[in-house]
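Remarks on the overall topology
One letter stands for each residue in the lines below.
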Amino acid sequence: DSGVTQTPKHLITATGQRVTLRCSPRSGDLSVYWYQQSLDQGLQFLIHYYNGEERAKGNILERFSAQQFPDLHSELNLSSLELGDSALYFCASSVGVGGGETQYFGPGTRLLVL
Amino acid sequence: DAKTTQPNSMESNEEEPVHLPCNHSTISGTDYIHWYRQLPSQGPEYVIHGLTSNVNNRMASLAIAEDRKSSTLILHRATLRDAAVYYCILRSNQGGKLIFGQGTELSVKP
């Protein structure tokens, strides 16, 4: 158990819909990262928040957005869903942002868009 | 971001040591070498990391070449639970995202 929790574990929805994925970081961790894992693209970085502020964006679609709240939990919002958005979404947390820091990953949310 | 090269797959026998290689010839002087693994149906899991010197922890050892252009993750006694995809990742001292390549899929035979 990494100490990072993600809800829900599974999500089935239809094209065009909107969903929200939630991540609670380990106690004391200020950084939250979101990653997407699909069969054809592998694990891809989406976005990074540190202490409530966006720090970096990766290959995140404009239909996707995220935020980190004052209690440090984070939400990833996916809208106008397409079949290709079906994937595993992981969040990870770390204490800070240094190169030698460890990222702890949650169990993921499996999204299926029908 | 500097790139890493790993074999697509490796096989090992249970209770034998496993050496997983990683080439990173374009590594910069301030890049950390991280290893993560992903067991089936789970999120990635931190294994070990280092900068210049060899490192040991309860899970594995990391041997870093003197010129830092390659490294080897060593599992001292492979178990069936070590079957996973192992990712070698370079991370700048500024930290931030992890860039995952294809990794090495390790299978362990009883």
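Just above, that's the structure.
Quick look at the structure, then. (Residues numbered from 1 in each chain as written. Chains lettered and ligands numbered in written order. Predicted model: local features only at pLDDT ≥ 70, side-chain atom pairs only at ≥ 80, totals over all residues. Heavy atoms only, no water.)

**Focus on the overall build of chain B**
What counts, and what does not: Going along the chain from the N terminus, every DSSP run of H or I of four or more residues is numbered as a helix, and every run of E of two or more is numbered as a strand. The quantity called the radius of gyration is restricted to C-alpha atoms. Its globule counterpart is 2.2 Å times the number of residues to the power 0.38. Relative accessibility decides the category of a residue: with a 1.4 Å probe and only protein chains considered, values under 20% of the type maximum give buried, values over 50% give exposed, and everything between is partly exposed.
A tally of helices and strands in chain B yields 0 helices and 9 strands. In summary, chain B has a C-alpha radius of gyration of 13 Å against a globular reference of 13 Å for 110 residues, a match within 12%. The principal-axis extent of the C-alpha atoms belonging to chain B is close to 40 × 30 × 25 Å. Each of the 110 residues in chain B was classed as buried or not, and the buried ones make up 45%.

**Here's the deal with a nonpolar patch on the surface**
The condition that has to hold: Patches were defined on residues exceeding 30% relative accessible area and lacking a salt bridge, with like-charge contacts within 9 Å and nonpolar side-chain contacts (Val, Leu, Ile, Met, Phe, Trp, Tyr) within 5 Å. In these tables, accessible area is a Shrake-Rupley quantity obtained with a 1.4 Å probe, and a residue counts as shielded only by the protein chains included in the view. The rule for a salt bridge is simple: a side-chain nitrogen of Lys or Arg has to be within 4 Å of a carboxyl oxygen of Asp or Glu.
A grouping of Ile 12, Leu 112 and Leu 114 of chain A is seen on the molecular surface, where their side chains present a nonpolar patch of about 310 Å² in accessible area. Of note, Ile 12 of chain A is situated in strand E2 (residues 10-13).

**A look at the interface of chain B and chain A**
Keep this limit in mind: Whether two residues are in contact is decided by their heavy atoms: any pair within 4.5 Å suffices. As used here, buried area is the combined drop in accessible area, with a 1.4 Å probe, of two parts when they are placed together. Polar contact is the term for a pair of N or O atoms within 3.5 Å; when the atoms are in protein, one must be able to donate a hydrogen and the other to accept it, and sequence-neighboring residues count only if both atoms are side-chain atoms. Just so you know the grouping, Ala, Val, Leu, Ile, Met, Phe, Trp, Tyr, Cys and Pro go in nonpolar, Asp, Glu, Lys and Arg go in charged, and all remaining residues, Gly too, go in polar.
Counting residues at the interface gives 19 residues for chain B, matched by 17 residues for chain A. Across the interface of chain B and chain A, roughly 1400 Å² is buried in total on both sides, 53% from carbon and sulfur atoms. Summed over the shared surface of chain B and chain A, the result is 0 salt bridges. Across the chain B-chain A interface, the total number found is 11 residue pairs in polar contact (both at pLDDT 80 or more). Classifying every residue of the side of chain B that touches chain A by side-chain character gives 7 nonpolar, 10 polar and 2 charged.

**Concerning the pattern of salt bridges**
Across all of its chains, the model carries 7 salt bridges over all chains by this definition. A salt bridge links Glu 82 of chain A to Arg 63 of chain A; the nearest nitrogen and oxygen atoms lie 3.6 Å apart. Here the residue Glu 82 of chain A occupies a position in the loop between strand E8 (74-78) and strand E9 (87-94), and Arg 63 of chain A occupies one in the loop between strand E6 (53-57) and strand E7 (64-68), the gap between them amounting to 19 residues. When the shortest N-O distance is used, the salt bridge between Glu 11 of chain B and Lys 109 of chain B registers 3.4 Å.

**Side note on the pairing of strand E8 (residues 84-91) of chain B**
Residues and elements named next belong to chain B. Put simply, the rule is: At least two bridges found by DSSP between two strands is the condition for calling them paired.
Burial analysis of E8 places 7 of its 8 residues in the buried class, which makes it a mostly covered element. The pairing of strand E3 (residues 32-38) with E8 spans 7 bridges and is antiparallel. The residue bridging Arg 37 from the neighbouring strand is Tyr 86, located in E8. Relative to strand E9 (residues 104-109), E8 runs antiparallel, the two sharing 3 bridges. Of the residues in E9, the one forming a bridge with Ala 84 is Leu 106.

**As for the state of the cysteines**
All names here are of chain A. Stated precisely, the cut-off is as follows: Sulfur atoms of two cysteines make up a disulfide when they are within 2.5 Å.
Summed over the entire model, instances satisfying the criterion amount to 2 disulfides over all chains. Paired by a disulfide, Cys 23 and Cys 91 hold their sulfur atoms 1.9 Å apart. The disulfide joining Cys 23 to Cys 91 has a torsion of about 70° about its S-S bond and is therefore right-handed. Of this pair, Cys 23 sits in strand E3 (residues 19-24) while Cys 91 is found in strand E9, placing the two residues 68 residues apart along the sequence. Both residues of the pair, Cys 23 and Cys 91, belong to the buried class.

**Focus on the packing of aromatic side chains**
The condition that has to hold: By convention, a stacked pair of Phe, Tyr or Trp rings (six-membered ring in the case of Trp) has centres within 6.5 Å and planes under 30 degrees apart, an edge-to-face pair has planes over 60 apart, and any other such pair is tilted.
Applying the stated criterion across every chain yields a total of 10 aromatic pairs over all chains. When the ring of Tyr 35 of chain A is compared with that of Phe 105 of chain A, the centres are 5.3 Å apart and the planes differ by 40°; the resulting orientation is tilted. You can see Tyr 35 of chain A sitting in strand E4 (residues 31-38) and its partner Phe 105 of chain A sitting in strand E10 (residues 104-105), a full 70 residues away along the chain. Phe 105 of chain A shares its class with Tyr 35 of chain A; the two are buried. Arranged with centres 5.0 Å apart and planes meeting at 90°, the rings of Tyr 87 of chain B and Phe 100 of chain B form a pair that is edge-to-face.

**Here we look at the sheet that holds strand E5 (residues 55-56) of chain B**
Residue and element names in this part refer to chain B. Taken in spatial order, the 4 strands line up as E2-E7-E6-E5 in an open sheet, and their pairing is antiparallel. The sheet terminates laterally at strand E2 (18-23) and E5, the two strands that pair on one side only. Across 6 bridges, the pairing between E2 and strand E7 (residues 70-75) is antiparallel. Residue pairing in the sheet places Val 18 in a bridge with Leu 75 of E7.

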